[in-house]
Amino acid sequence: MIEYRIDRGTGVATYLQIVQQTKHALRLGLLEPGDRLPTAREVVEATAVNPNTVLKAYRELEREGLVQARRGLGTFVTKSLGAAAAQSPLADELADWMKRARTGGLAREDVAALFSSVLEHEFTEGEQ
């Protein structure tokens, strides 16, 4: 089951963080069709967010066709995303790169900025 981590310092709305983390889990194969998402109460207890925020995120995921709420049973994944990137050999290479970056003295924020910059450059350039 997914465990949401809310970072109040990012400037990203809490409900969007829940949506994004759910989509990441779907892309990585950590959540699959048929899996149940944590209840709103479970998310509230783990993250101290407002229950309406969790419900808003789940409604957005449902609107996108990724989950389905079943009254009295919970919210279930109906669709996966991506091709199980976590099982790709590239995941190991990226983990090795991250370790080298950390060993080389880069802070988490530096690595995130560098990764985002290269990602944007490579995928924007590749779409032209």
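How each quantity is defined
Residues numbered from 1 in each chain as written. Predicted model: local features only at pLDDT ≥ 70, side-chain atom pairs only at ≥ 80, totals over all residues. Heavy atoms only, no water. Core = buried A, V, L, I, M, F, W, Y, C linked by side-chain atoms within 4.5 Å. Buried < 20%, exposed > 50% of the residue type's maximum accessible area, 1.4 Å probe, protein only. Helix = DSSP H or I, 4+ residues; strand = E, 2+ residues; numbered from the N terminus. Domains from an automatic or database assignment. 1 Å grid on protein atoms, 1.4 Å probe; cavity = no way out; pocket = protein on both sides within 12 Å on 5 of 7 lines; lining within 4 Å. Points joined across faces, edges and corners; volume = space filled by probe spheres on them. Nonpolar A, V, L, I, M, F, W, Y, C, P; charged D, E, K, R; others polar. Pairing = 2+ DSSP bridges. Salt bridge = Lys/Arg side-chain N within 4 Å of Asp/Glu carboxyl O. pLDDT = per-residue confidence, 0-100. Expected span 1.5 Å × (residues − 1). Contact = heavy atoms within 4.5 Å.

Some remarks on the nonpolar core
And then number 1: Membership of the largest hydrophobic core comes to 20 residues, with the highest contact counts inside it found for I18, L37 and Y58.
And then number 2: Elements represented by at least two residues in this core include exactly α1 (14-27), α2 (40-47) and α3 (51-63).

A closer look at the domain arrangement of the protein chain
And then number 1: Segmenting the protein chain into domains produces domain 1 (14-83) and domain 2 (88-122).
And then number 2: Relative placement of domain 1 and domain 2: their C-alpha centres are 27 Å apart.

Comments concerning the layout of surface pockets
And then number 1: Volume-wise, the largest pocket comes out at about 2,100 Å³.
And then number 2: Contributing to the lining of the largest pocket are 36 residues, with H24, L28, M98, R108 and F115 lying nearest its centre.
And then number 3: Split by residue class, the lining of the largest pocket holds 21 nonpolar, 6 polar and 9 charged.
And then number 4: When we break the lining of the largest pocket down by domain, the ones giving at least three residues each are domain 1 (14-83) and domain 2 (88-122).
And then number 5: Of the pockets and cavities examined, the second largest pocket occupies roughly 240 Å³.

Quick look at the pairing of strand β1 (residues 67-70)
And then number 1: Strand direction decides the pairing type here: β1 and strand β2 (residues 74-77), joined by 4 bridges, are antiparallel. Looking at the pairing, V67 lines up with V77 of β2.
And then number 2: Between β1 and β2, which pair antiparallel one after the other, the connecting turn spans 3 residues, and G72 there sits at a positive phi close to 80°.

Re the pattern of salt bridges
And then number 1: According to the stated counting rule, one finds 3 salt bridges in the structure shown.
And then number 2: Between K23 and E64 there is a salt bridge whose closest N-O contact spans 2.7 Å. Separated by 41 residues along the polypeptide, K23 in helix α1 and E64 in the loop between α3 and β1 bring together distant segments of the chain.
And then number 3: A salt bridge links R63 to E60; the nearest nitrogen and oxygen atoms lie 2.7 Å apart. Taken together, the residues span about one helical turn, with R63 and E60 both in helix α3 at a distance of 3 residues.

Some points on the confidence of the model for the protein chain
And then number 1: Put simply, the protein chain has an average pLDDT of 90, and 92% of its residues get 70 or more.
And then number 2: Mean pLDDT values for the elements of the protein chain range from 83 in helix α5 (residues 108-126) up to 97 in α3.

Looking at α1
Residues separated by three or four positions in an α-helix point in the same direction, a consequence of the helix having 3.6 residues per turn.
And then number 1: Taking 1.5 Å of rise per residue, 14 residues should cover 20 Å, and α1 covers 20 Å from first to last C-alpha, within 8% of that figure.
And then number 2: Listing the buried residues of α1 in full gives Q17, I18, V19, Q21, T22, A25 and L26.
And then number 3: On the buried face of α1, the contacting elements are α2, α3 and β2.
And then number 4: Phi turns positive one or two residues past the end of α1, at G29, with a value near 80°.

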